[in-house]
Structures are given as structure tokens and as C-alpha cells.
Amino acid sequence: MSERDFNMKKMMNMKYFYSAVIALISVIGINSLANAQAIPAAKIAVVDNRLIVTTAAVAVDINRQVAQIQADMQTELQTKGNALRAEEESLKGQSAIMPQEAYNQKAQEFQQKAVEYQREVQIKRQQLEIAIANANAEIERALKPILQKVLQDTGATILIEKGFVLEQAPGLDVTTRVIEQLDLAMPSTTVALPEVPEAAAAPVAAPAN
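Only a predicted model underlies this, so the values are computations on that prediction, with no experimental measurement involved.

Caption draft 1: Structural context of the overall build of the chain. Summing up its helical and strand segments, the chain has 6 helices and 2 strands in all. When the helices and strands of the chain are read in sequence order from the N terminus, they spell out α-β-α-α-α-β-α-α. The 209 residues of the chain split such that 36% are buried. Look at the contacts in the chain between residues 6 or more apart in sequence, and 90% of them connect residues 24 or more apart. As displayed, the chain has an accessible area near 12500 Å², and 56% of this comes from carbon and sulfur atoms.

Here is the structure:
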């Protein structure tokens, strides 16, 4: 029942957004080649996705919102966890003086509260994961036409993630251009927690002893 069970990572969207951008770039490169009558000579541009997800205005905004949501959740769960621990200690102290039947009833009620607390931790974690995924999807939709325009403006036929490049000539990196256009198109977005389904919010029966 410890709040340590609420083990969320502060850097929400790096892994998910980074993978999504790589996949998006691959599709754009393939589509550009497929739409041509003949396969053109490859002209490569390089983009640093790690720089995008750490310095783009919308990425910074998402990280700020996620950090605040996590802090609020942690405070709420810690308060409830502390109350549960205090109740557990009080119940233990009454075990020797309380009639057995009454004690068993209190113990069962406490166990139900503990189960509900763990369920709440799980629901909040899932809510935040969904909110992050939805925010990243908004970025991906905004980023796709930007990457297509970069291909058009530069005459490049392929965008390659910088992490896959061993060496490159000057002038191939278009990361700054992508970030500037993304900042104009989407300087921020809202990280909104989804509603909790009624079935998920309903009390869960404690396991039988």
C-alpha cells in the first residue's frame, strides 16, 4: 500500500515520441519515393529527434504539464498512503483488547481500503500514460506536414535519424528548421487526463482470507 508503488517516470514522452518520430520519418521517405515516376538519386537530410523532443516548445510544455500532474498525483496518493499506514498501526494496537469478531470486521474493512488504494494507484498511472500518448499523437499530426515540407524545400528524398549516422558532411542537418516550424505550428498542447470508466472506478472486493 506504500506510495512507492506509484512509480511513474518523470520523463514521460521521450521514449514514445522518439520512436514515433523515427517511424514517421521512415514513412515519409518511402512515400516520397513511391510517388515519383522514376526513382530519383537519393538526397539525404539528417534530423536529430532527441533534440526535437527536448527543445521544441511543445515538448517542453508537455514535460512541464506531466511533471505537475505527477507531483499532484504523488501528493494525493502519499496522503492516502500515510492515512492507511496510521490506520493499520492503530488496528494492530487494538488486536489484544478488541473482541475477535469486531476485530475481524475492522481488519476486513481495512483490507478493502488497501485494495481500493492499490487500484487507484494503477488507474492514475494508466490515466497519465494515456494522456501522454494522446499528447504525442497531436505532435505527430503536426510534425508530418512539416517533415514533408522540409523534404520539398530541400529537395531531399530521405530523412535519416542522426543517431543512425556515423559521419556526415556539413549542411545535411535540418533539425533546427524542423524545430522552428514545429514551434510555429504547435507551441503547446494540453495534457488531459482521460475520464475513469465507471467499471474501473467501482470498488474492488478484497480477496477472501
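Still to come is the rest of the account.
Caption draft 2: How the structure looks around the pattern of salt bridges. Within the structure shown, the criterion is met by 10 salt bridges. In this structure, K80 and E76 form a salt bridge, with 3.3 Å as the shortest nitrogen-oxygen distance. With K80 and E76 both in helix 3 (residues 57-94), this residue pair falls 4 residues apart, about one helical turn. Among the residues examined, K80 registers a relative accessible area of 33% and is labelled partly exposed. Among the salt bridges present, the one from K113 reaches E87, with a minimum N-O distance of 3.1 Å. Of the two residues, K113 sits in helix 4 (residues 100-154) while E87 sits in helix 3, which places them 26 residues apart along the sequence.

Caption draft 3: Focus on the packing of helix 3 against helix 4. Relative orientation of the contacting elements helix 3 and helix 4 amounts to 175°, with a least axis distance of 11 Å. Taken together, the axes of helix 3 and helix 4 lie roughly antiparallel to each other. Partitioned by chemical class, the residues of the contact of helix 3 with helix 4 number 18 nonpolar, 2 polar and 8 charged.

Caption draft 4: Expanded view of the nonpolar core. The biggest cluster of nonpolar side chains holds 29 residues, and the ones touching the most others in it are I52, I62, V174, V178, L182 and V191. Every element with two or more residues in this core is listed here: strand 1 (44-47), helix 3, helix 4 and helix 5 (175-185). Counting residues per element, this core draws most heavily on helix 4, which supplies 11 residues. Counting residues in each nonpolar core, the second largest holds 8 residues, with L77, L84, L91 and Y117 among its members.

The rules behind the values
- Residues numbered from 1 in each chain as written.
- Predicted model: local features only at pLDDT ≥ 70, side-chain atom pairs only at ≥ 80, totals over all residues.
- Heavy atoms only, no water.
- Helix = DSSP H or I, 4+ residues; strand = E, 2+ residues; numbered from the N terminus.
- Buried < 20%, exposed > 50% of the residue type's maximum accessible area, 1.4 Å probe, protein only.
- Contact = heavy atoms within 4.5 Å.
- Areas by Shrake-Rupley, 256 points an atom, 1.4 Å probe, with all protein chains shown as cover.
- Salt bridge = Lys/Arg side-chain N within 4 Å of Asp/Glu carboxyl O.
- Axes fitted to C-alpha atoms, helices over the stretch in contact; angles between N-to-C directions.
- Parallel < 35°, antiparallel > 145°, perpendicular 65-115°, else oblique.
- Nonpolar A, V, L, I, M, F, W, Y, C, P; charged D, E, K, R; others polar.
- Core = buried A, V, L, I, M, F, W, Y, C linked by side-chain atoms within 4.5 Å.

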